[in-house]
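Observations on chain architecture
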Amino acid sequence: MRIMVSVMLTLLFGSPFAFAQEAKPSLVIGQVEIEDNAFAARGVKQKLENRLKKDYDVLSSSYITLHVTGNFGEMHTINGMDTYTVADADLTYSLSAEGLPNRSKTLSIKCKGTNEKDLATKLGTTMARDRAHYDEVHAFIQEYIQENLGTCPKITSVINERLANHEMAKANSLLGYYDALSNCQEAKSSAEQAILDKHQAYACDVIIKKSTILANSGSRQDLSKAIDMLLMVPPDAPCAEKAISVSELVSKKAKELDGYSTQQLQKQLVIFNSITPADWKAWYRENYSKIY
């Protein structure tokens, strides 16, 4: 049964049990502006995200945000065997986080293209291929993290602030910062438990109410959403029995639908009814950003 549940969770949510013991520091790539060139900005954001993923968890919600602004210097056309355009581009990387000072760093990069439009469009690719440029960006981010989140107590303090503000996704995203430091496992475990306790309170209050409303709807879409929400309730939570009661209501409503819909919903219910506390915790670590 455990193998079947693991396979079904993988199909539904990706790889829920592949959570590494050591996570990466996380950040969000915010606004990217390259003069008034949307194509250049889109290319820079996409290539920067791909490059950063080797060293960071690039998330949709995180504590630290990285913004980029850029502009091109004077463009020159070179005529020879081939005609091409060259220019220097200045990219300003800015880091910000609530309660922390903002930091910025401007780096120059040499660009080349068949014409001005091609040069601007290829800015993202040029940036991504320039190892020295990325190394400076990476060092800039690391300095900011070390300065502001370079000790276990600092990370714990920020997590507690995020929890007090009900910013669950941001609190979770900060756990990866502990792994870059030594002797922080106890602090990390305590912080994660505080997050789980906060989530449990949220689950027993908000999630139970919302899933009950969806279950009473009776439509396949709402019943499926109700099961997804019930998966957010820890199987060992004080309200676990209430979650089971809602799941029984979902099962009853599912039987009133057509055979295919009933079958698909019953498969989802198998996961809910079989997941263990340990498996749920692994699932939560991988999927918390989809919950809040």
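It should be noted that the structure appears before, not after, this text.
In this section: the overall build of the chain. The secondary structure content of the chain amounts to twelve helices and six strands. For 292 residues, the compact-globule formula gives about 19 Å, and the C-alpha radius of gyration of the chain, at 24 Å, lies well above that figure. Summarising its shape, the C-alpha atoms of the chain cover approximately 75 × 50 × 30 Å along the three principal directions. Put simply, 68% of the contacts in the chain that link residues at least 6 apart link residues at least 24 apart. Carbon and sulfur atoms make up 50% of the accessible area of the chain, which amounts to about 15,200 Å² in all. The distance from the centre of the 33 positive side-chain charges to the centre of the 35 negative ones in the chain is 5 Å.

Moving on, we come to the state of the cysteines. This model, assessed by the stated rule, comprises two disulfides. The disulfide partner of Cys152 is Cys184, and the gap between their sulfur atoms is 1.7 Å. Looking down the S-S bond of the Cys152 and Cys184 bridge, the torsion is -80°, so its handedness is left-handed. Linking Cys152 in helix α6 (residues 152-164) with Cys184 in the loop between α7 (168-173) and α8 (185-217), this pair joins segments that are 32 residues apart in sequence. Of the two residues, Cys152 and Cys184, neither departs from the other in class, the shared state being buried. Cysteines bonded in the chain are numbered consecutively along the chain; their disulfide partners then correspond to 1-2, 3-4.

Scanning the model with the defined rule gives one cavity of 30 Å³ or more in all. Each pocket or cavity is described by its volume, and for the largest cavity that value is around 30 Å³. Around the largest cavity, the lining residues are Leu48, Arg51, Tyr93, Met127, His133, Tyr134 and Val137. Sorting elements by how many residues they give to the lining of the largest cavity places helix α5 (residues 131-149) first, with three residues. Of the residues contributing to the lining of the largest cavity, the split by class is five nonpolar, one polar and one charged.

Calculation criteria
- Residues numbered from 1 in each chain as written.
- Predicted model: local features only at pLDDT ≥ 70, side-chain atom pairs only at ≥ 80, totals over all residues.
- Heavy atoms only, no water.
- Helix = DSSP H or I, 4+ residues; strand = E, 2+ residues; numbered from the N terminus.
- Rg over C-alpha atoms; globule rule 2.2 N^0.38 Å.
- Contact = heavy atoms within 4.5 Å.
- Areas by Shrake-Rupley, 256 points an atom, 1.4 Å probe, with all protein chains shown as cover.
- Lys, Arg positive; Asp, Glu negative; His and termini not counted.
- Charge placed at Lys NZ, Arg CZ, Asp CG, Glu CD.
- Disulfide = S-S within 2.5 Å.
- Buried < 20%, exposed > 50% of the residue type's maximum accessible area, 1.4 Å probe, protein only.
- 1 Å grid on protein atoms, 1.4 Å probe; cavity = no way out; pocket = protein on both sides within 12 Å on 5 of 7 lines; lining within 4 Å.
- Points joined across faces, edges and corners; volume = space filled by probe spheres on them.
- Nonpolar A, V, L, I, M, F, W, Y, C, P; charged D, E, K, R; others polar.

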